[in-house]
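Residue-level listing of the chains:
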Amino acid sequence: MLKLSDRVQATAASSDARPTFDIRGLTVEFPAITGVPTVAIRNLDLRIERGEIFGLVGESGAGKTTLARSLLRLPPEPGRIAGGELLFEGQDIMSLTEVELQRTRGRDISMIVPNPRSELNPLLTVGEQIANVAQVHLRVSRREARGLALDILRAVQIPDPERRMTAFPHEMSGGMAQRIVIAIALICSPKFIVSDDATSGLDVTVQAQILELLRRLAQDRGSAMLFITRDIGITAHFCDRVAVIYNGEIMELAGREDFFFRPAHPYTIMLMAAFSYNQSLRRLWARPEPLPGAKVHDSACPYTLRCPLAQERCRIDRPALREIAPGHYASCHFPVRR
Amino acid sequence: MTRIISFLGQRLLFIVPQLFGILLVSFFLIKSIPGDPAVLMLGPMASTDAVVSLRTKLGLDHALPIQFWHFLVNLVHGDLGTSWQTTRPVLEDLLQRFPATLELVTLGLLGAIIIGVPLGVASAFDEKGILGRVAGVYGLTAGSLPDFWLALVLIFVFYTILQIVPAPLGRLDFAILPPPTISGFLIFDSIAAGDWAALGSALTHLCLPVLTLSLINAGPILKMTQSTMDRMLQSDFSRYEVLSGLPHRMVVRHALRNSLPSIVTIISVLYGYLLGGAVLVEIVFSWGGAGQYAVQGVLNSDIYPVLGFVLFSAIFSLIVYLIVDIVYVAIDPRIGR
Ligand SMILES: Nc1ncnc2c1ncn2[C@@H]1O[C@H](COP(=O)(O)OP(=O)(O)O)[C@@H](O)[C@H]1O
Ligand SMILES: [Mg+2]
């Protein structure tokens, strides 16, 4: 059984570039009072190639935020990275010193956060907050930093950017604040952007505008992006490759076409059925929610309890992520093929 | 700026009714303390006639609301009544004593801020470092020490053993003439008069009581700073700053700024409280301050000094709170719009 990373290595060997970000065997745990920690991310492998927009879909609680923040070595409190490598351009994030880490965050790898109005400092103008990041990472004067901040505000299409420089976060709408956070994420032209549920709070038209903007800006700068969302529909328009995360593990991963036209994992199909509001599809692919306390054994497929196709083998043998077609991976013993 | 001015206007409007309420409540509360001032003034041997005529003279034969009304009318004319203990007008007494207390309390509080805020920030900055531990222990002990006891210990060490400070008897050496009164603050008045001997004496007398108040009151300031800083450093915006790669120092600096409203609040509360709350320290150092004056008044049914003290403290507290509100508005753009 080949690990995903080895596989992709083999197929990508023709192009000279190594991946922008290579996650190998990442495990993130939350300590629990019982002593046995909750595993939020389990031995996860994922590679984000240069310049690509990689979509990661999962329900809430799947471990998306934990994964996103762990990539910057700052999992949500009290989480702890229990193992794995985080290779950014070949350099392991886990081995960086505090200072190197601080220089990497926001400059080479930046993060677009959800709920920007609570993530921005309420007492500082947005202009100051953008300029701070520019000044620290690009080592420019305060004046230049302000100039750059104004430029990036124009780039994210904030109306009346001069006036917005002196606005406070509470004076902005959700969409506006989201643009500010995008501006902060892009101001240093990072090589890698992690976007965590960035547009989920916005209404649909604003969301579409912001996604379009984000894609263009990332492309202009040649940044790769891990785009994390709860909304499987967005990834269909927005991403080059898509993966589904469930319970801290990748269930399926494929190029966009394969993913949407030939989904193989029962969980992926269930998500699509739920998303498409197709009642009969839904009935076919959904099973009643398992009881809250119900837990599967560590050696079983984590999806067994909800899977309409589950068989005896699924309960005793945890499937690994394997290639079921070129570039198409699923972690399922009985992937759906047509 | 206009924001602050309109805000001030609103607040000033409320000051008069606030003061009225405070006086009303304190008047009836103090009147409910048992004990007849006329009897106390004349002594146990006085005849009933003498007591009755004194009561009439003092206006004590009127109903309470009428007495309160008389008090208010006199107050408007700048008369706070007379203390039967000192036989002087209360206003004169307080103008002399209040600055003594204020000087002591202000310096004590400044010292407490200088100790408490940096320690609180340092411990939030680096919890497991040396300063963090010192702050932890300090926060625990400062809260459990009685101030008069600490004052006595300091007197024992610095006066009795080391003999580097003057005797704890008032604000100046007996041999030194006080400078002409301008503000009532000895430091200010002696500098204004160019009287360096008086200044030196005033400063050495201030040392121990100020140190006492500083050490005791640094405790709550330290705890408030520490816990607010902790909360701010855990908050979303601080984590976002870390995620954005801002240096630790800058993250802490911003957190401190966001913590300022809470720190300013605890300082202002302490300031108002200490006017009366420093009375034990005043007594230990024979300070002759306003707190002592008011306590004597309560113990002897001498109502006007108490009411005068309440009035002075209330006005002072209201001014402090007003300044605090202005600070809030200046710090936080979300307030007062
Ligand atoms: N503060 C926490 N304490 C304990 N467990 C947590 C905490 N935060 C997250 N988790 C665990 O990690 C899982 C993933 O959480 P999260 O990454 O926030 O999911 P998502 O962003 O996909 O909604 C949760 O289901 C929960 O089990
Ligand atoms: Mg999340």
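Quick caveat, the model's predicted, so the values are computed rather than measured.

Cut-offs and rules
Residues numbered from 1 in each chain as written. Chains lettered and ligands numbered in written order. Predicted model: local features only at pLDDT ≥ 70, side-chain atom pairs only at ≥ 80, totals over all residues. Heavy atoms only, no water. Helix = DSSP H or I, 4+ residues; strand = E, 2+ residues; numbered from the N terminus. Rg over C-alpha atoms; globule rule 2.2 N^0.38 Å. Buried < 20%, exposed > 50% of the residue type's maximum accessible area, 1.4 Å probe, protein only. Areas by Shrake-Rupley, 256 points an atom, 1.4 Å probe, with all protein chains shown as cover. Lys, Arg positive; Asp, Glu negative; His and termini not counted. Charge placed at Lys NZ, Arg CZ, Asp CG, Glu CD. Pairing = 2+ DSSP bridges. Axes fitted to C-alpha atoms, helices over the stretch in contact; angles between N-to-C directions. Parallel < 35°, antiparallel > 145°, perpendicular 65-115°, else oblique. Left-handed = near helix turned anticlockwise from the far one by under 90°. Contact = heavy atoms within 4.5 Å. Nonpolar A, V, L, I, M, F, W, Y, C, P; charged D, E, K, R; others polar. Core = buried A, V, L, I, M, F, W, Y, C linked by side-chain atoms within 4.5 Å. Buried area = accessible area lost by both parts, 1.4 Å probe. Salt bridge = Lys/Arg side-chain N within 4 Å of Asp/Glu carboxyl O. Near = heavy atom within 4 Å. Polar contact = N/O pair within 3.5 Å; in protein donor to acceptor, adjacent residues only side chain to side chain. Phe/Tyr/Trp six-rings, centres within 6.5 Å; stacked < 30°, edge-to-face > 60°. Domains from an automatic or database assignment.

(A) A look at the overall build of chain A. Broken down by element type, chain A carries 14 helices and 12 strands. Taking 20 Å as the expected radius of gyration for a compact globule of 338 residues, we find that chain A reaches 21 Å, a close match to that expectation. Each principal axis of the C-alpha distribution contributes one length, and for chain A these read about 65 × 50 × 45 Å. Relative to its 338 residues, chain A shows a buried fraction of 55%. A total of about 15,000 Å² of accessible surface is found on chain A, and carbon and sulfur atoms cover 52% of it. Each charge sign in chain A was given a centre, from 42 positive and 38 negative side chains, and these centres are 2 Å apart.

(B) Inspection of the sheet that holds strand E9 (residues 241-246) of chain A at higher detail. Residues and elements named next belong to chain A. Taken together, the eight strands give an open sheet; going across it, the order is E6-E7-E8-E3-E9-E10-E12-E11, and neighbouring strands pair in mixed fashion. The sheet terminates laterally at strand E6 (109-112) and strand E11 (322-325), the two strands that pair on one side only. Each strand of the sheet is rotated relative to its neighbour by a mean of 25 degrees, with strand direction disregarded. In this structure, strand E10 (residues 249-255) lies alongside strand E12 (residues 328-330), joined through two bridges in antiparallel fashion.

(C) Up close: the packing of helix H5 (residues 90-125) of chain B against helix H11 (residues 248-277) of chain B. Residues and elements named next belong to chain B. One can describe the packing of H5 onto H11 by two numbers: an axis separation of 10 Å at closest approach and a directional angle of 150 degrees. As summarised for this structure, H5 and H11 are arranged roughly antiparallel, according to the angle between their axes. Considering how the two elements wind past one another, H5 and H11 form a crossing that is right-handed. Across the interface between the two elements, Phe98, Thr101, Leu102, Val105, Thr106, Leu109, Ile113, Val117, Val121 and Phe125 of H5 pack against His248, Arg249, Val252, Leu256, Ile263, Ile267, Leu270, Tyr271, Leu274 and Leu275 of H11. Split by residue class, the contact of H5 with H11 holds 16 nonpolar, three polar and one charged.

(D) Main features of the nonpolar core. Residues Phe21, Phe192 and Leu226 of chain A are the most contacted members of the largest nonpolar core, which totals 104 residues. Among the elements that make up this core, the one with the highest residue count is helix H8 (residues 174-186) of chain A (eight residues). Those residues within four positions of Leu226 of chain A in sequence are excluded, and the remaining contacts are Leu46, Ile48, Phe54, Leu56, Leu71, Phe192, Ile193, Val194 and Ser195 of chain A. The next biggest cluster of nonpolar side chains, apart from the first, holds 68 residues, and it includes Leu109, Ile267, Val306 and Val324 of chain B.

(E) Region of the structure containing the interface of chain B and chain A. On the side of chain A, 27 residues touch chain B, which itself brings 21 residues to the contact. In this assembly, chain B packs against chain A so that about 2,300 Å² is buried in total across both faces, 61% of it on carbon and sulfur atoms. When residues of chain B are sorted by the area they lose upon contact with chain A, Arg239, Tyr240 and Leu243 of chain B head the list and together hold 34% of the total. Linking chain B with chain A are one salt bridge. We note a salt bridge from Arg239 of chain B to Glu77 of chain A, for which the minimum N-O separation is 3.4 Å.

(F) Up close: the site of ligand 1. All names here are of chain A. Neighbouring residues of ligand 1: 13 residues in total, closest Gly61, Gly63, Lys64, Thr65 and Thr66. Within the contact set of ligand 1, an oxygen atom lies 2.7 Å away from a backbone nitrogen or oxygen of Gly61. Measuring from a nitrogen atom of ligand 1, one finds a backbone N or O atom of Glu77 at 3.2 Å. Coverage of ligand 1 by the protein chains reaches 63% of its 550 Å² of free accessible surface. Of all the elements in the fold, those that place two or more residues in the shell around ligand 1 are strand E2 (38-48) and helix H2 (64-71).

(G) Highlighting the packing of aromatic side chains. Inspection of the entire model under this criterion finds 17 aromatic pairs over all chains. Taking 4.6 Å as the distance between ring centres and 55 degrees as the angle between the ring planes, the aromatic pair formed by Tyr246 of chain A and Tyr267 of chain A counts as tilted. On the criterion of sequence distance, the pair formed by Tyr246 of chain A in strand E9 and Tyr267 of chain A in helix H12 (residues 266-276) is long-range, its members being 21 residues apart. Accessibility assignment for this pair places Tyr246 of chain A and Tyr267 of chain A in one class, buried. One aromatic cluster is present, formed by Phe20, Phe27, Phe28, Phe68, Phe71 and Tyr304 of chain B through successive ring pairs.

(H) Highlighting the environment of Glu257 of chain A. Here Glu257 of chain A is to be found in helix H11 (residues 256-261). Here the alpha-carbon distance between Glu257 of chain A and Asn115 of chain A, two residues 142 residues apart in the chain, equals 31 Å.

(I) Representation of the pattern of salt bridges within the structure. Inspection of every chain in the model, using the stated rule, returns 24 salt bridges over all chains. Linking Asp197 of chain A and Arg230 of chain A is a salt bridge whose minimum nitrogen-to-oxygen distance equals 3.2 Å. With Asp197 of chain A in the loop between strand E7 (192-196) and helix H9 (204-221) and Arg230 of chain A in the loop between strand E8 (224-229) and helix H10 (232-238), the pair connects residues that are 33 residues apart, well separated along the chain. On the basis of relative accessibility, which here comes to 13%, the residue Asp197 of chain A falls in the buried class. The class for Arg230 of chain A is partly exposed, based on a relative accessible area of 45%. The partner of Glu92 of chain B in a salt bridge is Arg88 of chain B, and the shortest N-O contact between them spans 3.7 Å. On the basis of relative accessibility, which here comes to 30%, the residue Arg88 of chain B falls in the partly exposed class. Beyond isolated ion pairs, a larger network of salt bridges with shared partners links Asp22, Arg24 and Arg47 of chain A.

(J) A look at the domain arrangement of chain A. For chain A, the domain assignment lists domain 1 (120-185) and domain 2 (262-330). Taking the mean C-alpha position of each, domain 1 of chain A and domain 2 of chain A sit 43 Å from one another.

(K) Here's a closer look at unusual backbone geometry. Residues and elements named next belong to chain A. Following Glu77, the chain continues into Pro78 via a peptide bond in cis, with omega recorded as -10 degrees. If you trace the backbone, Pro78 turns up in the loop between H2 and strand E4 (80-88). With a phi close to 40 degrees, Asn43 is a non-glycine residue in the positive phi region. By the secondary structure assignment, Asn43 is in strand E2. With a phi close to 50 degrees, Asp197 is a non-glycine residue in the positive phi region.

(L) Highlighting the sheet that holds E4 of chain A. All names here are of chain A. On the basis of which strands lie adjacent, the open sheet formed by four strands has the order E2-E1-E4-E5 and antiparallel pairing. With partners counted over all chains shown, the strands left at the sheet margins are E2 and strand E5 (91-92), one partner each. Taken together, the two bridges between E4 and E5 define a ladder with antiparallel strand orientation. When the sheet's bridge partners are listed, Phe88 is paired in E5 with Gln91. Against the sheet, H2 makes contact with strand E1 (21-30), E2 and E4, and its axis sits at roughly 120 degrees relative to E1, the strand it touches most.

(M) Structural detail: the environment of Ala330 of chain B. Inspection of the secondary structure puts Ala330 of chain B in helix H14 (residues 303-331). Put simply, Ala330 of chain B and Ile4 of chain B are 326 residues apart on the chain and 8.0 Å apart in space, counted from C-alpha to C-alpha.

(N) Structural view of the side chain of Glu103 of chain B. Residue and element names in this part refer to chain B. Positionally, Glu103 belongs in helix H5. The exposure class of Glu103 is buried, given its relative accessible area of 5%. Among residues more than four places away in sequence, those in contact with Glu103 are Arg171, Phe185, Leu186, Ile187 and Leu206.

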